[in-house]
Amino acid sequence: MYVFMKLQQHGGALLSSSGEREALEGRNSRRSPASHQLGHRSDGPACTPVQRALLELTVPLETLQAVKGRMMQAMSKGLSRQTHAQANVRMLPTYICSTPDGTEKGDLLVVELCQSHVRTLWVTLLGDGNQSPQVMSKIFNMPGDIMKGKGEALFDFIAQCVCQFLAGIGSPQHRLPLGFVFPFSCRQTRLDKAELISWSKGFSCSDVEGKDVVQLLQSAINKQELCHVDVVALMNDTVGTMMTCSMGGEPCEVALVVDTGTNSCFMAEAQQVEMAEETSGRMCVNTEWGCFGDDGTLSDILTPYDQRVDQESSNPGEKRFEKLVGSLYLGEIVRHTLITLAAEKAVFTGSNVAVLRTKDVLKTQQVLEIIDSEEGMTKARRALEVLGLWPSERDCCRVQQICRAVVSRAAALCAAGLAAILSHMCQSRELERLVVNAGVDGELYRGYSRFREILQSVTGLLAPECMVTLLPSVDGTGRGAAMVTAVALRLAAHRREVDQLLAPLRLSRTDLERVQALMRREMELGLGRESNANASVRMLPTYVRGTPDGTERGEFLALDLGGTNFRVLVVRVAQDGIRMASEIYIIPTTVMQGTGEALFDHIMECIMDFQLKQALMEQVLPLGFTFSFPCQQLGLDKAVLLCWTKGFSASGCVGQDVVQLLREAAQRKQHLGLKVVAVVNDTVGTMMSCGYDDPKCEIGLIVGTGTNACYMEEMRNVGTVEGEQGRMCINMEWGAFGDNGCLDDIFTNYDRLVDEKTINAGKQRFEKLISGMYLGEIVRHVLLALVEKQLLFRGKPCPKLQTRDIFQTKFLSTIEIDGLALRKVRAILEDLELQASFEDSVLVREVCQTVSLRAAQLCAAGLAAVVEKMRENRGLDQLSVTVGVDGTLYKMHPHFSQHLQQMLRDLAPNCNVTFLQSEDGSGKGAALVAAVACRGTEP
């Protein structure tokens, strides 16, 4: 069904006779482009020239759906950095990243460059929800020669208008922010920086194209000695329309102008606006959709009348969509339709129609008057008689039909464009249903109620998943520009306060180089026999003397004890790779907190059960034991437990060798097939696990709930162990780096608040800056500070946010995912009973990014100290080494690993570091420690 037919009831049928209506309704498809040629009769029922013309000016619903789809494709092309240069729908970033929230207040200047004059406004906002802005304005007529003269003269004239306006109202000398409405196509790189792409609308001032028009105006204002006037924002009328409609209650996120020309804008997801640097939040995009179809995508709806209007225009082949929609052209489309009908003797029989060949003889304003239901026929007769035509009643009726068809088509095509924007917004925000306000302005929208009805109805048909409320704009170029300026000032003030609160968390290159140097100093102290006791980085010997070289063979057992679950594994190392079998056993709380004998007896029973199931009871296999509790290691197979953690408190174990406790349990169980050859922690296991796959892996790194690192140190540098030859893996225990106060200036108030509430206040200071156990808490304290400063959640109290550990580190990983729709960020916050606005969600994401970036950079600084020490130890100009890495923060956070690696390259440029993620470092790694220890001992 034709949309035109569907919407034709408006004070009577659009078609003058039942026969004509039947002829139109009998046509169920569009004619081919070729049949648009004049005099060409279509196949199917014969129709009169008027019927044919009305058909040509009618766009079927299926075609409008296709136009919507093409518009969406053109929008995507304009948003993409790769295809932007070839796009007809330019999708220009405006750098407006918020809509009014009602708190804006202060005095603002606006200057608007119009077709024949300059308008200046003084707008006072009271912070009352922008319900009653106070406005003073003045219009200055522009001399005709300025439009085509020197650019300098144009901007000097604008500045003089500002000067005279301010003098006339006796303005104070305090700083005055100015918004500049410049209705020409610009390449904007900031809100206050925009290069003119090209003039239009009769302007052709020299030496302006390619220049920053904001700077040109500011320089001209400065010449007038108005040093207190700052140009802070540049915008076009479409953006202003959106802003005025955002002034009351719900924000307006779309704007549409249908005037002499046509354009639209909307709040797009910032990460999709690839031509801008912004990657978070939303940004208003100026579509410049008037050029849609310049590549031929609208050829199937162009009529011969449209082609002739285009040929007679000042820019043939350009602005094809605008020439179908803009009021500058609708009168011309009607004129060319009437010329054709007159030539076919369908109208004005007996009249001299030569006057219709005069361009612009029929104005769009007259067209709008003619389509009026009550007075339209009278207005049609009067307009035609003024032209010297003597129309019959039937002529007037047919002219009215043509006028209605042209205007209705314009409304339907605008609706297709608006539907494309709405569907794009709905899809990019991953919504099932979009509810949005759209501001509309322009002569066609204001002057013809039927245009509004068609726009609303057809938009609903084409984008049923979107519910849009059309709001009429009030002075989009004046008050709207003031709102853009006010919002820019509000955001700038907000940004300054946010930056001040986040500044302590943002580390400079100098800060990180100092952390690297401090880590290096603490490492040296930890390695020294005399200085080890006073070092915050303990640098514990592990007695692991080598990494896998690929020659390891055989079967090995591995035990992994680090929590309530206990694993037993058999690891078979062969030439074709590693195969593993494992089983998990539960350690009951009563055993964890009972006697040491009961605990190790339980562990031994689990080992025997596993060996029985795997048919290993008759074999004596070397065993590697991952024991993830603080130990002082005295040999590869000797480790004294310093203290229990993680809920364990078995008696009689602290101060004892855990390997000996296991052996004694084996004797009690009369199990003689136990051969413990190595006890290791998970960091060493990670290095060994990756070392099997990459022989250059000589560093282990854990960044998960906690953090630690190990590496292969030259024996000559290990003062705490006898011997000079070869290398030994050193367990750095770097989580305690800074416990001696050397990192106090890196610690922020947020970090201190987190530290004070931990069970080990003042301990593991480096770990509390980096690891997953603490990052969520740091974020929570930053958010509380922002709420207190009324920078977040409108300053409303957030009781749930006062709860310790409520903001988990996993939320950081989710919130920072690239492309995550802000509604999902809001959903996370709403689960925490935090009522977040769009802007709140953007700020929470920024806080998460700041905290996780600092963690990654500090980790990189520590690692840089390690790799640089290894390089210098070996006397190399360039070190190539691999880091085996494990831990949920490194593996699960979307950007941690990338930030870590980038900063490591910057801090250690002479080291080529590869990262290899570990698979089961605590299981496979322990077995490989045993395998390396046994390497070469077999006959």
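Summary of the structure given here.

With respect to the overall build of the protein
On a plain count of helices and strands, the protein comes out with 30 helices and 26 strands. For the protein, the C-alpha radius of gyration of 38 Å lies well beyond 30 Å, the compact-globule estimate for 939 residues. Along the three orthogonal principal directions, the C-alpha set of the protein runs to about 125 × 70 × 55 Å. When the 939 residues of the protein are sorted by exposure, 58% land in the buried category. For the protein, restricting intrachain contacts to residue pairs at least 6 apart in sequence, the fraction spanning at least 24 positions comes to 71%. Element-wise, carbon and sulfur atoms account for 49% of the exposed surface of the protein, whose accessible area totals about 37,400 Å². Separation of charge centres in the protein, based on 96 positive and 111 negative side chains, amounts to 3 Å.

Considerations on the sheet that holds strand β22 (residues 697-703)
If you walk across this open sheet you meet the 6 strands as β14-β24-β23-β22-β25-β26, and the pairing is mixed. Two strands lie at the open edges of the sheet, namely β14 (540-541) and β26 (911-917), each paired on one side alone. Note that strand β25 (residues 879-886) and β26 share 7 bridges and pair parallel. Counterpart to S880 in the pairing with β26 is N912. Here helix α27 (residues 838-873) sits on the sheet in contact with β22, β23 (707-714), β25 and β26, set at roughly 165° to β22. Its contacts with the sheet place helix α29 (residues 896-907) against β22 and β26, and it is angled at close to 160° to β26.

So, helix α6 (residues 213-223)
Three or more residues of α6 are buried, namely V213, V214, L217, Q218, A220 and I221. In an axial view of α6, the angular spread of the buried residues amounts to 160°, which keeps them on one side of the axis. Packing partners of the buried residues in α6 comprise β2 (105-113), α5 (151-169), β5 (176-181), β7 (193-198) and β8 (229-235). Of the residues trailing α6, E225 is marked for its positive phi of about 60°.

Comments concerning helix α13 (residues 393-428)
The end-to-end C-alpha separation of α13 is 53 Å, in line with the 52 Å expected for 36 residues at 1.5 Å each. In terms of residue burial, α13 counts as a mostly covered element, since 32 of its 36 residues are buried. Backbone geometry just downstream of α13 places E430 in the positive-phi region, at approximately 55°.

Observations concerning the pattern of salt bridges
Applying the stated criterion across every chain yields a total of 57 salt bridges. Across the pair E253 and R429 runs a salt bridge, and its minimum N-O distance is 3.0 Å. Here E253, found in the loop between α7 (237-244) and β9 (254-258), pairs with R429, found in the loop between α13 and β12 (434-441); they are 176 residues apart in sequence, far enough to count as distant. E253 sits in the buried class, given a relative accessible area of 14%. Of the charged contacts, one joins R506 and D499 as a salt bridge, the two residues approaching to 3.1 Å between their closest N and O atoms. For R506, a relative accessible area of 34% gives the class partly exposed. Residue classification places D499 among the partly exposed residues on the basis of a relative accessible area of 28%. Look at the salt bridges and you will find they share partners, linking E698, E714, R716, R727 and R874 into a network.

Some words on unusual backbone geometry
Residues other than glycine seldom take positive phi values, yet M91 does so here, at roughly 55°. Tracing the backbone through its elements, the reader meets M91 in the loop between α4 (61-79) and β1 (92-93). Taking the relative accessible area as the measure of exposure, M91 reaches 1% and is therefore buried. Located in the positive-phi region is Q670, a residue other than glycine, with phi close to 55°. Residue placement: Q670 occurs in the loop between α20 (658-668) and β21 (674-680). When its relative accessible area of 71% is taken as the criterion, Q670 is described as exposed.

Focus on the side chain of T120
You can see T120 is positioned in strand β3 (residues 117-126). Setting aside residues up to four positions removed in sequence, T120 forms contacts with V110, V111, M136, S137, K138, F140, C161, V162 and F165.

Some thoughts on the packing of aromatic side chains
The final tally for this structure, using the stated rule, is 16 aromatic pairs. Relative to F629, the ring of F627 has its centre 5.0 Å away and its plane inclined at 50°; by these criteria the two rings are tilted. Taken individually, F627 and F629 each receive the classification buried, so the pair is uniform in this respect. An aromatic cluster of three or more residues is present, and its members are F155, F180, F182, F184, W199 and F203. Positioned above the aromatic ring of F747, the side-chain terminus of R765 is 3.7 Å from the ring centre.

Details of the packing of α4 against helix α15 (residues 449-462)
Closest axis-to-axis distance for the α4/α15 pair is 10 Å, and the angle between their directions is 75°. Compared by their axis directions, α4 and α15 come out roughly perpendicular. Of the residues in α15, those touching α4 at L61, L64, Q65 and K68 are V458, L461 and L462. Across the contact of α4 with α15, the residue classes tally to 5 nonpolar, 1 polar and 1 charged.

Digging into the nonpolar core
Core analysis: the biggest nonpolar cluster contains 121 residues, and V254, F266, F348, F451 and L455 have the highest contact counts within it. Of all the elements, α13 adds the most residues to this core, at 21 residues. Other than its neighbours up to four places away in sequence, V254 contacts M242, C265, F266, L418, I421, L422, M425, V436, N437, A438 and G439. By size, the runner-up hydrophobic cluster in this structure holds 93 residues, among which are I746, L783, L832 and A865.

Examining the sheet that holds β5
An order of β4-β3-β2-β5-β8 is seen for the 5 strands of this open sheet, with the pairing classed as mixed. Only two strands of the sheet have a single neighbouring strand rather than two, namely β4 (134-141) and β8. Between one strand axis and the next, the sheet turns through 20° on average, direction left out of account. Relative to β3, β2 is paired through 9 bridges, and the arrangement is antiparallel. The residue bridging L108 from the neighbouring strand is V123, located in β3.

Thresholds, definitions, all that
What you see as residue numbers is a count from 1 along each chain, following the sequence as written. In keeping with the model being predicted, local features are shown solely for residues with a pLDDT of at least 70 and side-chain atom pairs are shown and tallied solely at 80 or more, while totals for entire chains, interfaces and linings include all residues. Side-chain measures were taken over the full set of non-hydrogen atoms in the model, leaving aside hydrogen atoms and water. Helix and strand assignments come from DSSP, with helices taken as H or I runs of at least 4 residues and strands as E runs of at least 2, each series counted from the N terminus. This radius of gyration counts C-alpha atoms alone. The globule rule is 2.2 Å times how many residues there are, raised to the power 0.38. We call a residue buried when its accessible area falls under 20% of the maximum for its residue type, exposed when it is over 50%, and partly exposed in between, using a 1.4 Å probe and counting protein chains only. Any two residues whose heavy atoms approach within 4.5 Å are treated as being in contact. Under the convention used here, a 1.4 Å probe and the Shrake-Rupley method define accessible areas, while residue burial counts only the protein chains that appear. In this count, Lys and Arg are taken as positive residues and Asp and Glu as negative ones, while His and the chain termini are left out. For charged residues, the charge sits on one atom: NZ in Lys, CZ in Arg, CG in Asp, CD in Glu. Pairing between two strands is assigned when DSSP locates at least 2 bridges connecting them. Axes, fitted as lines to C-alpha atoms, cover a helix only where it is in contact. Angles between the N-to-C directions of the axes lie from 0 to 180 degrees. By construction, the arc corresponds to the directions joining the helix axis to the C-beta atoms. Expected helix span is computed as 1.5 Å times (number of residues minus one). A side-chain nitrogen of Lys or Arg and a carboxyl oxygen of Asp or Glu constitute a salt bridge if their distance falls within 4 Å. Pairing of aromatic rings covers Phe, Tyr and Trp, the last counted by its six-membered ring, and requires centre-to-centre distances within 6.5 Å; plane angles under 30 degrees mean stacked, over 60 mean edge-to-face, and any other angle means tilted. As a reminder, the over-ring test applies to NZ of lysine and CZ of arginine, requiring each to be within 6 Å of the ring centre and within 35 degrees of the ring normal. Any angle from 65 to 115 degrees is called roughly perpendicular, while one under 35 is roughly parallel, one over 145 is roughly antiparallel, and all others are oblique. Basically, the charged four are Asp, Glu, Lys and Arg, the nonpolar ten are Ala, Val, Leu, Ile, Met, Phe, Trp, Tyr, Cys and Pro, and anything else, Gly included, counts as polar. Here the nonpolar core consists of buried residues drawn from Ala, Val, Leu, Ile, Met, Phe, Trp, Tyr and Cys, with membership extended through side-chain atoms lying within 4.5 Å.

By themselves, these observations are geometric and do not establish any function.
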